[in-house]
Amino acid sequence: MSALIRRYAAELCHKHMLKPNYPTLVLTCHISTRVAPQLNRAAATTGLYGFDQLKTPKGFQRFVDDAIERSGELVNYISSMPSSAEVVRAMDEISNTVCCVVDSAELCRNTHPDREFVEAAGKASMRINEYLHYLNTNHTLYAAVKRAEKDGHLLAKEAHRAANQLRIDFEKGGIHLPPEKLARVNQLNLSILQLSREFGENITIDPGYVDIFPASRIPKHIHHLLKPIHRFTSGTSSGSLGSWNNMKEKGLRITTDHRTLVSVMHWVPDEEVRKMAYIQGNSVPHANLEVLDKLAAARHELAKMMGYRSYAEFVVKPNLASSPEVVTSFLHEMSKMVRPRADEEFEAIRNFKREKCGQRCIDLEPWDETYYTAMMKSSAHNLDSSTVASYFPLPQCIEGLKVLVNSLFGAVLCNVPMAPGESWHPDVLKMSLHHPEEGDLGYLYLDLYSRKGKYPGCANFAVKGGCRISETEYQLPVVALLCNFSGSPGSSTVRLNHGDVETLFHEFGHALHSLFSRTDYQHFSGTRVALDFAEMPSNLFEYYAWDYRVLRTFAKHYSTGEIIPEKLVKSMQGARDMFAATELQRQVYYAMADQTLFGEQPASSNDMSSFLAEFKMQYTSWKHVEGTNWQIRFSHLVNYGAGYYSYLYAKCFAATIWKKLCQEDPLSLTAGTALRTKVLQHGGSKEPAELLNDLVGEGILKHCDGGIVPDITCFLEESRLVVGRR
C-alpha cells in the first residue's frame with residue numbers, strides 16, 4: 001500500500017472484477033507542462049487511449065521517461081516549501097502523472113493482441129513501480145504532506161482529507177519506520193507483488209483438464225467449448241471376423257477453466273464426468289498452494305512490522321468495518337439468519353436428485369449442485385436458457401445502458417469516433433457520457449468480445465481519474481469496461497444469457513461511479529473509496545437488470561422485436577430466488593475463509609485445507625471434497641485479501657437503497673439525481689457513512705464495536721432468505 005497508488009481490486013464470486021485503481025490529485029500552477037493527453041483530437045493520429053507517446057510499443061519507454069521527468073519537477077517544486085494547498089495539489093499531479101502510466105500499462109497487458117505492446121507494457125510497469133519505490137520512500141514528500149495535514153485550518157475540506165489520506169498511505173508503506181525495518185517492508189511489498197502476479201499466471205498456465213471418452217458422454221450443444229481428441233482402441237475389423245485392428249475413438253478434453261467448468265456442471269448428465277471435472281477444476285494449479293502459503297506469510301509479517309496483529313486488521317482498519325472482529329460478527333449474524341433456509345434448500349435438492357436417480361442415489365455431492373438446481377429452476381419456472389437469451393442481443397443490452405443513463409441522470413451515452421491509433425482492437429467501441437447542460441462528463445471504452453490472450457473475466461480498468469486542473473478546466477475520467485462475450489460485432493448470434501446481462505450492468509455501475517465523479521483530487525476519483533463501499537454502486541445496478549419496468553425498454557427478441565414478456569421475467573426472478581440462501585452461505589464461507597487465512601495465525605497449506613474443510617461444514621450445508629483446494633484459483637484472496645466480506649456489505653447497502661430510493665420508480669430522474677449528487681460525484685472525498693446516510697437517511701447502517709455494519713433487513717427480506725419471512 002503506497003501513498004501514491006492504492007490498489008483496489010474486487011471480484012464477486014466468479015464473475016465480477018473491479019481492476020486495480022490508483023488514486024491521485026493535481027497541480028494547477030507554477031509548473032509548465034502536463035502529461036495529461038488530449039482525447040478525441042479530430043482525425044489526428046494519436047497513440048493508445050489518446051496518449052501521444054503510445055503510437056508504438058517503444059512509446060511506453062518514452063511514456064515512463066516523461067512521467068519520471070515530470071514527477072521530478074514536481075518533487076523539486078514541493079522541496080521549495082510551497083503552501084500547504086500547493087503541496088497537496090502537486091502530490092496529486094505526481095500521482096496523476098504516474099497513474100496514467102500504471103493504468104495504461106495494466107490495461108495494455110491485459111487486452112492488447114500485439115505481443116510487442118504487451119511486453120513493452122510489462123517492462124513499463126516494472127520501471128514505473130521501481131520509480132514509485134523512490135517516491136514512496138521520499139522523506140521530503142512525507143514531511144511536506146505531514147506539514148500540510150497540520151495546516152488543516154488553511155485548507156479546503158477535501159484538500160485536508162487528501163493530506164490526511166496521503167500521510168496515512170505513506171505510513172502504510174512504512175516510511176515512518178527505522179531504515180532497517182523500512183528496507184524489510186519494501187522487500188515484503190515487492191515479494192507480495194511478485195507472488196500475486198505468479199498466482200494469476202499459474203491459473204492461466206495450468207487451468208487443468210479432463211479427457212472424456214467417448215464424446216457422446218457430453219451433450220452436443222457444449223461440444224464447441226471443448227477440444228476434440230482421439231485415442232486408439234482395439235476392435236474387430238469389418239473385413240475379417242475375429243481379426244483385431246486399432247480403432248480410432250473420438251473424445252473431448254474439458255479444460256477446467258471457470259467458464260468451461262460452469263457449463264459442464266450445468267449441462268452434463270453423467271455424474272462421473274461432473275465429478276472428474278469438479279475435482280480437477282478445484283485442484284489446480286497445484287503450484288499455488290505454495291504461492292498462497294508464501295503470500296499469507298509475507299502479508300502477516302508486513303502487518304506485524306506495521307504494528308498490526310494481522311494482515312486482516314491492516315486491511316480492515318481504514319474501512320467502514322474498522323476491525324476483523326466487526327467483520328466476523330457481521331458474517332456470523334448473517335450465517336445464523338440464513339442457515340435454516342439454506343438447509344431447506346439443500347434437502348429440496350437432495351430429494352430432487354433421489355427422485356431422478358432412484359436407488360442409485362447415495363447422497364448429494366458438490367458436483368451435483370449446479371446440475372440439479374438448474375434442472376429444478378427450469379422445471380419450476382418453465383425456463384429455457386436459449387429462450388431467455390433470445391431477448392438479450394448484445395446491441396439491445398447496450399441500448400439498455402443508454403436508457404438508464406438518460407432516464408436516471410438526464411445524460412446521453414454517445415458513440416464517438418476514435419482517432420487513428422487510439423484503439424487496441426477493431427471490436428472496441430468508445431462512448432462519451434454527455435449531459436446537455438454540462439457537456440461531456442467522461443469517456444468509456446467497451447471491449448466486450450472474447451479473444452485469445454485477453455483478460456478472461458469481466459472488469460473495469462481505469463485509464464484516467466477525474467480531477468480539477470483549474471477553475472475552468474476538469475480532467476475528464478476515462479475507463480474501459482471489459483467483458484468476454486462469445487461472438488463478434490454485428491453478428492446476430494451474440495445473445496447474452498441473463499447472468500451476462502447482470503454482469504454487464506454490474507460493471508457499468510463501476511464505470512458510472514468513475515464517470516460521474518467530480519472530485520477536486522484524483523486521489524478520490526470514482527471507485528477510489530473505502531474497500532467495503534466500492535462495490536455498492538455496481539451491486540445497485542444489478543437490480544436494473546432484473547426489473548421488468550427497465551427490461552421492457554430494451555429487452556427485445558432478436559428476430560421478431562417482441563418485448564420480453566412480463567411472465568418470463570417473473571419466472572426468471574422466481575428461479576433466481578430459489579436457492580438464494582445457498583448462494584449467500586457460499587459468500588459467507590468465502591468471506592470467513594478470507595478473514596481466517598489473513599488472520600492472526602497465518603495458515604500453512606495443511607492447516608489451510610483443514611480449516612477450509614471445517615468451515616465448509618460450519619458455514620454451509622455442503623460437504624468438503626477431500627483433496628480439493630478451491631482457494632488456489634480464487635484470485636480474490638490475492639486481489640482483495642481480507643476484504644472479500646465487502647461484497648456482502650455492498651449487497652446489503654444496495655438492497656436498502658433500492659427499496660428506499662429506487663424500487664417505486666426505477667427510472668426516476670429524481671432518484672437518479674439523488675444517487676449522482678449525494679454519492680457518485682463525491683468518489684472518496686467524503687466518508688462513506690456520511691454519503692449513505694445522506695442518500696437514504698437512517699436504517700442503512702449500524703454502529704457496532706467501533707465499526708460500521710450494514711443493516712441486513714432489506715437484503716434478507718427481498719429474496720425471503722429467512723425462514724418465516726414469506
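As the structure is a computational prediction, the values presented were derived from the model and not from experiment.

(A) Geometry of unusual backbone geometry. Residue Pro214 is bonded to the preceding Phe213 through a cis peptide linkage, with omega at -10°. Geometrically, the link from Val284 to Pro285 is a cis peptide bond, its omega value of -5° lying close to zero. Positionally, Pro285 belongs in the loop between α8 (271-281) and α9 (287-305). Despite not being glycine, Ser322 shows a phi value in the positive range, around 75°. Mapped onto the fold, Ser322 is located in the loop between α10 (311-316) and α11 (324-357). Even without a glycine there, the phi angle at Ala642 is positive, about 65°. With respect to the secondary-structure elements, Ala642 resides in the loop between α21 (636-639) and α22 (646-662).

(B) Geometry of the pairing of strand β13 (residues 701-704). As judged from the four bridges shared by β13 and strand β14 (residues 707-710), these two strands associate in the antiparallel manner. Paired with His703 across the two strands is Ile708, which belongs to β14.

(C) Looking closely at the packing of helix α19 (residues 580-597) against helix α20 (residues 605-619). Put simply, α19 and α20 touch, their axes get as near as 10 Å, and they point 145° apart. Crossing hand, α19 versus α20: right-handed. Contacts from Gln585, Val588, Tyr589, Met592, Ala593, Thr596 and Leu597 in α19 reach Met608, Phe611, Leu612, Phe615, Lys616 and Tyr619 in α20. In the contact of α19 with α20, the residues fall into 10 nonpolar, two polar and one charged.

(D) Expanded view of the environment of Tyr474. Mapped onto the fold, Tyr474 is located in strand β11 (residues 474-475). In sequence terms Tyr474 and Leu441 are 33 residues apart; their C-alpha atoms lie 9.4 Å from each other. At 3.4 Å, the side chain of Tyr474 and the backbone nitrogen of Cys467 are in polar contact. Side-chain polar atoms of Tyr474 contact the backbone oxygen of Thr519, separated by 2.7 Å.

How each quantity is defined
Residues numbered from 1 in each chain as written. Predicted model: local features only at pLDDT ≥ 70, side-chain atom pairs only at ≥ 80, totals over all residues. Heavy atoms only, no water. Helix = DSSP H or I, 4+ residues; strand = E, 2+ residues; numbered from the N terminus. Pairing = 2+ DSSP bridges. Axes fitted to C-alpha atoms, helices over the stretch in contact; angles between N-to-C directions. Left-handed = near helix turned anticlockwise from the far one by under 90°. Contact = heavy atoms within 4.5 Å. Nonpolar A, V, L, I, M, F, W, Y, C, P; charged D, E, K, R; others polar. Polar contact = N/O pair within 3.5 Å; in protein donor to acceptor, adjacent residues only side chain to side chain.

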